[in-house]
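Each chain, written out:
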Amino acid sequence: MDVVKAVETYIAKLVSTPSAMKVLLLDAHTTPIVSLAATQSTLLSHQVYLTDRVDNPQRNRMAHMKCVCFLQPSEESIAAVSSELREPKYGDYYLYFSNVLSKSTIERLAEADEFEVVREVQEYFADYAPLLPSLFSLNHIPSEDRPLYGSSPNTWDEVALGRSVQGIIAVLLSLRKKPVIRYEKMSGMAKKLANEVHLRIQSESTLFDFRPAVVSPLLIILDRRNDPVTPLLTQWTYQAMVHELLGVHNGRVNLSMVPDIGPELSEITLTTSTDPFFQAHHLATFGDLGTSLKNYVQSYQSRSLAQSPSAINSISDMKRFVEEFPEFRKLGGNVSKHVALVGELSRLVERDRLLDVGEVEQGLATSAGCDLKTVQALVTDNAVSAWNKLRVVILYALRYQKSQTGNIAALINLLLANGVSKEEARLVYVLLNIAGSDQRQDDLFSTESLLAKGKSALKGLKGVENVYTQHTPHLSQTLENLLKGRLKESSYPFLEGYGTNLGLQRPQDIIIFIVGGTTYEEARTVALLNQEANNAGTQILLGGTCVHNSSSYVEMIRVAAKNFPPSVYEPPPESASNAPSLNLNLGGVNVSLGGPAGTGLYRSSSDNAGVQAEGIKDGVRSLFDKVRQGVDKIGFS
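Numbering of residues begins from 1 in every chain and follows the order in which that chain's sequence is written. For a predicted model such as this one, the threshold for reporting local features is a pLDDT of at least 70, and the threshold for listing and counting side-chain atom pairs is 80 or more; totals across whole chains, interfaces and linings nevertheless cover every residue. Side-chain metrics in this entry use all non-hydrogen atoms of the structure; hydrogen atoms and water are not considered.

As a reminder, the rule being used: UniProt positions are given in the numbering used here, feature names are shortened, and annotations may be inferred rather than shown by experiment.
Looking at an unreviewed UniProt entry, one finds the protein chain named Vacuolar protein sorting-associated protein 45, with Pisolithus tinctorius Marx 270 as its source organism. Its UniProt record, at the heading Sequence similarities (unreviewed entry), says of the protein chain: "Belongs to the STXBP/unc-18/SEC1 family."

What follows is the structure in structure tokens.
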């Protein structure tokens, strides 16, 4: 289930016919899909000498050229290609659409083809962005013009629903999968989408007439609201970190705002299919990345010595130089790209005090816990940006929603007094009303039962390799339960009509779709699970309406709240937890279960524990120092 290969295969097919000089016309939707799946050299090898937009009226007439169109079957694109066919600029047209064409659309195209220039019409189901082999996105980043939600957090915008159905159908058809469907029970949006996909599969039964599998593939539809924590966290692995701090949009990163950046690096391509270094290290932690980058630079420097004039002493040396120079030049550009990228990430980590912010975030997101005074100190720190203060308070509110309502209100007032606007500060209550404990079907912080509290708190005593990557997405637990046959049908039911005892079968192909967007941290979880599960034959594919970083996620919530009832900005009705408090002191570490402090792990006043805590922190800081030093010392001879 490799979506990159699936889309690459489609693109290769559509540009290979006819075998002649041709123009490739795309629309706003298919342009990023093709850019992710095909390089310029690939297109040139198939005699594609011009790529343009179908809605560009300034194109010149070239009757000697053939034209291949790859378009989404949307109203805008159908209107544009119909207009093109009425006044054709090229000799022949080969029309390919990224999703199912209706009979009325085909008739409309036939009527527009007055000059009979259309030679072929086909459906190639590449209607999604293949970001990684096990990650796809529908590229629907919600905005005021393109909303995701309807009038409540449980209802769809109708256009967004239709687009999501189309995207999932395209994924299934491109991978030749006819799945059984499960969904999150508490999510009205997940259930609605599951039903619509099921109806579409039934209505397109001839397209889904695949050879039945021994165990049916599984499509499980989840809701972002069940885990609002993961997209809010600062990220510490390469790909996720680039997206969080700089933004990765369809495999491209804008570096034009980086101080002293060269014009050739103002915008870079960052995809695993075209960049071997990124392919090898996109899941690596930032500390490990420094060592890998240093080795990469040293490898380049050793090759540069072999390419120097003093190394050319014979005709065979000249021949070798000419043959290897293009690859050597490409390597030099790639080294420069990653040095610039890692250097900018290091600068932003230092400028925004992300080591301090990240430590507090990880405590709030995991069993390590974080006390009120630590959060207050961060909020009142002038060196911390207003945006990071807001994220930390939102995380605190999500964790302690039921037990510390007074503290949450006090922290919001502290935000207002420390550089956060009223419009931004009220998003704390918006998040609680949209994705708070009453809106989530699963216990995100393991606070439901005394046993769960104990397991969660004691888990933190085992020691962690890196305090900044302690958090694991809730998706990890969901998949673990699914693979072990323990995912409750009462919480994640099958759609009606799929028979009984399906939950007892271990699925071989699992497709996860997250309504409201997924994250690169979750994609990393899936990639690592796929590596572990290869021996068992299980393959997992993750997708979502988009791929979030913290700013896009909060912006989605802010835009959605404008269409919700005004009560979404008010404090949710809470009741203080009546759970008994239990405190254990285990060798300098205090385990608190319930009570006013909330559940978590806290350092006691023991000097030894304080030394250990600082040791962990200093160890991680030293990793980042090595990265910075490595980048600063890099030079090219």
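### Some remarks on the overall build of the protein chain
Applied cut-off: Every helix listed is a DSSP run of H or I at least four residues long, and every strand listed is a run of E at least two residues long, numbered separately from the N terminus. A 1.4 Å probe rolled over the protein chains alone gives each residue an accessible area, and that area as a share of the maximum for its type sets the label: buried under 20%, exposed over 50%, partly exposed in between. Any pair of residues with heavy atoms lying within 4.5 Å of one another is described as a contacting pair. We get accessible surface area from the Shrake-Rupley algorithm with a probe of 1.4 Å; when it comes to residues, only the shown protein chains can shield them.
Across its full length, the protein chain holds 22 helices and 16 strands. Split into buried and exposed, the 637 residues of the protein chain put 53% on the buried side. Of the contacts formed within the protein chain by residues at least 6 apart in sequence, a portion of 79% connects residues at least 24 apart. Working note: accessible area of the protein chain is about 28,600 Å², and carbon and sulfur atoms make up 51% of it.

### Concerning the nonpolar core
Rule in force here: In plain words, nonpolar cores are sets of buried Ala, Val, Leu, Ile, Met, Phe, Trp, Tyr and Cys residues tied together by side-chain atoms within 4.5 Å.
Ranked by size, the top nonpolar core spans 101 residues in total, and within it Leu193 and Val375 carry the most contacts. Other than its neighbours up to four places away in sequence, Leu193 contacts Trp156, Leu161, Ser164, Val165, Ile168, Ile221, Phe513 and Val515. One finds Leu131, Ala240, Val253 and Val297 within the second-largest nonpolar core, a separate group that totals 58 residues.

### Examining the sheet that holds strand E5 (residues 118-123)
Put simply, the test is: If DSSP finds at least two bridges between two strands, the strands pair. For helices, the axis comes from a line fit to the C-alpha atoms of the stretch in contact; other axes are also lines fit to C-alpha atoms, and the angle between any two N-to-C directions lies between 0 and 180 degrees.
The strand order across the open sheet formed by 5 strands is E2-E1-E3-E4-E5, and the pairing between neighbours is parallel. Two strands in the sheet have a free side with no partner beyond their single neighbour: strand E2 (48-53) and E5. The mean inter-strand angle of the sheet, taken between neighbouring strand axes irrespective of direction, is 20 degrees. When strand E1 (residues 22-26) meets E2, the two strands line up parallel, connected through 5 bridges. For Lys22, the partnering residue across the bridge sits in E2 and is Val48.

### Notes on helix H6 (residues 158-175)
The line we're drawing: Expected helix span is taken as 1.5 Å per residue step, with the number of steps being one fewer than the number of residues. Distance and chemistry together define a polar contact, namely a pair of N or O atoms within 3.5 Å, with one atom able to donate a hydrogen and the other to accept it when in protein, and with adjacent residues in sequence counting only for side-chain atoms on both sides.
With 18 residues, H6 ought to run about 26 Å at 1.5 Å a step, and its terminal C-alpha atoms sit 26 Å apart, in line with that. Counting buried positions along H6 yields 14 of 18 residues, so the element is predominantly enclosed. Near the N-terminus of H6, the side chain that reaches the backbone nitrogen of Val159, with its oxygen 3.2 Å away, is that of Asp157. Trailing H6 by a residue or two, Arg176 shows a phi angle of about 55 degrees, which is positive.

### Quick word on the environment of Gly162
Among the secondary structure elements, Gly162 is positioned in helix H6. According to the relative accessible area criterion, Gly162 is partly exposed, its value standing at 30%. For the pair Gly162 and Glu196, spaced 34 residues apart in the sequence, the C-alpha separation amounts to 8.7 Å.

### Structural notes on the sheet that holds strand E8 (residues 180-183)
Taken together, 6 strands build an open sheet; the order of strands is E6-E7-E13-E12-E9-E8 and the sheet is mixed. Every other strand in the sheet has two partners, leaving strand E6 (129-132) and E8 as the edge strands with one partner each. On average, adjacent strands in this sheet sit at an angle of 25 degrees to one another, irrespective of strand direction. Judged from the 3 bridges that link them, E6 and strand E7 (residues 135-137) form a sheet pairing that is antiparallel.

### Comments concerning helix H19 (residues 474-483)
Most of H19 sits out of view: 7 of its 10 residues are buried. Burial in H19 covers these residues: His474, Leu475, Thr478, Leu479, Asn481, Leu482 and Leu483.

### With respect to the packing of aromatic side chains
Where we set the bar: Here is the rule: rings of Phe, Tyr and Trp (six-membered ring for Trp) pair when centre to centre is within 6.5 Å. Planes less than 30 degrees apart are stacked, more than 60 are edge-to-face, and the remainder are tilted. Charge-over-ring placement is defined geometrically: NZ (Lys) or CZ (Arg) within 6 Å of the ring centre, and within 35 degrees of the ring normal.
Scanning the model with the defined rule gives 11 aromatic pairs in all. Each ring, one from Phe136 and one from Phe513, has its centre 6.3 Å from the other, and the planes form 25 degrees; the classification is stacked. One end of the pair, Phe136, is in strand E7; the other, Phe513, is in strand E12 (residues 509-515), and 377 residues separate them in sequence. A residue is classified by how much of its surface remains accessible, and Phe513, at 0% relative accessible area, is buried. A ring pair is formed by Tyr238 and Phe278, whose centres lie 5.6 Å apart and whose planes are at 70 degrees; its orientation type is edge-to-face. Placement of the pair is Tyr238 in helix H8 (residues 238-245) and Phe278 in helix H9 (residues 276-281), with a sequence separation of 40 residues. For the residue pair Tyr238 and Phe278, the accessibility class agrees, reading buried in each case. Grouped by ring-pair contacts, the aromatic residues Tyr10, Tyr96 and Tyr124 constitute a single cluster. Here the guanidinium or amino end of Arg426 rests over the ring plane of Tyr569, the centre of that ring lying 4.0 Å away.

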